[in-house]
Amino acid sequence: MLKLTDLHVNYGPIKALQGVSIDIEPNNITAIIGANGSGKSTMLSVISGLIIPDQGEIYYKDIAIHTKPVEERVKQGIAHVMEGRRLFKDQSVHDNLLLGFYFRNSKENKKNMLKQINEVYDRFPILGEKKSQLAGTLSGGQQQLLIISMAILSKPQLLLLDEPSLGLAPIVVDQVYQYLEELKAQGVTIIVSEQMAALAIRIADYGYVLERGKVVGKGDIHYLKSMMESDEMSSVYFG
Ligand SMILES: Nc1ncnc2c1ncn2[C@@H]1O[C@H](COP(=O)(O)OP(=O)(O)O)[C@@H](O)[C@H]1O
Ligand SMILES: [Mg+2]
């Protein structure tokens, strides 16, 4: 589904990614685990096209995309939920959700759109309660939920989530992660970055561990669990 080969990204003298190669299977949930500053956000931004790598290649469904602009990648079904909050703060919650449809290839009729937005309200009732409020008046966690919902309404084939648990109450984190498992069941491929590996490991099929811009470990759920049990790793990544 997605293949990154020998990616390098420098911010001036800072080497954020130093030869990262990863392979993402379709219809899998892949966890990117690493401490603050290890390069997780940079990696996701390289996939979505916000950052052009200094070196390396990205193949998405066997097509080179590393030179394609962000909009092109969005059209091909790649959605990126960023760490910083990107929403229309002076628009209502409801209008923000309508904007979630904006990037879809096929045109939806209004009735269909409202049906899907109502499903979001059923799932996250707080968004339904606040649907007429300006998005900028929501708490940080509620804004995060709104952004995740907007990305999901765009019906991505590849969903990139950068530390989705940040700022969310534990019960909401559970809801979001459960939602991700349902999306996977519907055929969405998901890459999720987390500092707190214990969270991502609950749903991941496969994981990569990043350290100072390099992949220092990778493996399936058994590997990730065994890492969690090793003392030296667990103190660094698992809190
Ligand atoms: N815009 C930027 N300018 C300069 N340095 C940056 C920038 N963004 C990230 N970095 C640096 O690149 C490294 C990787 O950062 P990042 O990808 O944000 O890691 P993570 O998401 O794992 O915390 C860090 O050393 C960080 O300080
Ligand atoms: Mg980050």
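Residues numbered from 1 in each chain as written. Chains lettered and ligands numbered in written order. Predicted model: local features only at pLDDT ≥ 70, side-chain atom pairs only at ≥ 80, totals over all residues. Heavy atoms only, no water.

**Comments concerning the domain arrangement of the protein**
Quick reminder of the rule: Start and end positions for the domains come from either an automated domain assignment or a database one. Contacts are assigned to residue pairs that have any heavy atoms within 4.5 Å of one another. As a working definition, buried area equals the accessible area (1.4 Å probe) given up by two parts on being put together, with both sides summed. The salt bridge criterion pairs a side-chain nitrogen of Lys or Arg with a carboxyl oxygen of Asp or Glu, the two atoms within 4 Å. Put simply, DSSP marks the helices as runs of H or I at least four residues long and the strands as runs of E at least two long, and each gets a number from the N terminus on. Think of it as three bins: nonpolar holds Ala, Val, Leu, Ile, Met, Phe, Trp, Tyr, Cys and Pro, charged holds Asp, Glu, Lys and Arg, and polar takes everything else, Gly as well.
By the assigned domains, the protein splits into domain 1 (2–77 + 156–237) and domain 2 (82–146). Averaged C-alpha coordinates put domain 1 and domain 2 at centres separated by 24 Å. Across the contact, 16 residues belong to domain 1 and ten residues belong to domain 2. Here domain 1 meets domain 2 over a buried area of about 1200 Å², counting both sides, of which 55% is carbon and sulfur. Where domain 1 touches domain 2, the interface holds one salt bridge. A per-element tally of the side of domain 1 that touches domain 2 places helix α7 (residues 170–185) first, with five residues. Considering only residue class, the side of domain 1 that touches domain 2 consists of eight nonpolar, four polar and four charged.

**Focus on the pattern of salt bridges**
Here the structure, examined in full by the defined rule, presents six salt bridges. For Asp23, the salt bridge is made with Lys3, and the minimal N-O distance between the two is 3.2 Å. Of the two residues, Asp23 sits in strand β2 (residues 14–24) while Lys3 sits in strand β1 (residues 2–11), which places them 20 residues apart along the sequence. Put simply, Arg123 and Glu182 hold a salt bridge, and the shortest N to O gap is 2.5 Å.

**Quick notes on the nonpolar core**
Spelled out, the test is: Remark: nonpolar core denotes a set of buried residues (Ala, Val, Leu, Ile, Met, Phe, Trp, Tyr, Cys) joined through side-chain atoms within 4.5 Å. Working definition: with a 1.4 Å probe on protein chains only, accessible area under 20% of the residue-type maximum means buried, over 50% means exposed, and in between means partly exposed.
If you look at the biggest cluster of nonpolar residues, it comprises 45 residues, and the most contacted ones within it are Leu97, Leu127, Leu146 and Leu159. Two domains each provide a minimum of three residues to this core, namely domain 1 (2–77 + 156–237) and domain 2 (82–146). Ignoring any residue separated from it by four or fewer positions in sequence, one finds Leu127 in contact with Val93, Val120, Tyr121, Leu138, Gln142, Leu145, Leu146 and Ser149. Counting residues in each nonpolar core, the second largest holds 23 residues, with Val9, Met43, Ile47 and Leu210 among its members.

**Observations regarding the side chain of Thr30**
Considering the arrangement of structural elements, one finds Thr30 in strand β3 (residues 29–34). For Thr30, a relative accessible area of 2% corresponds to the buried category. Non-local contacts of Thr30, meaning those with residues more than four positions away in its chain, are made with Ile24, Ile190, Ile191, Val192, Tyr206 and Tyr208.

**Observations concerning helix α1 (residues 40–48)**
For α1, a buried count of eight out of nine residues is recorded, marking the element as mostly surrounded by other parts of the structure. Taken as a whole, α1 has its buried residues at Lys40, Thr42, Met43, Leu44, Ser45, Val46, Ile47 and Ser48. Looking one or two residues past α1, Gly49 carries a phi angle of roughly 100°, positive in sign.

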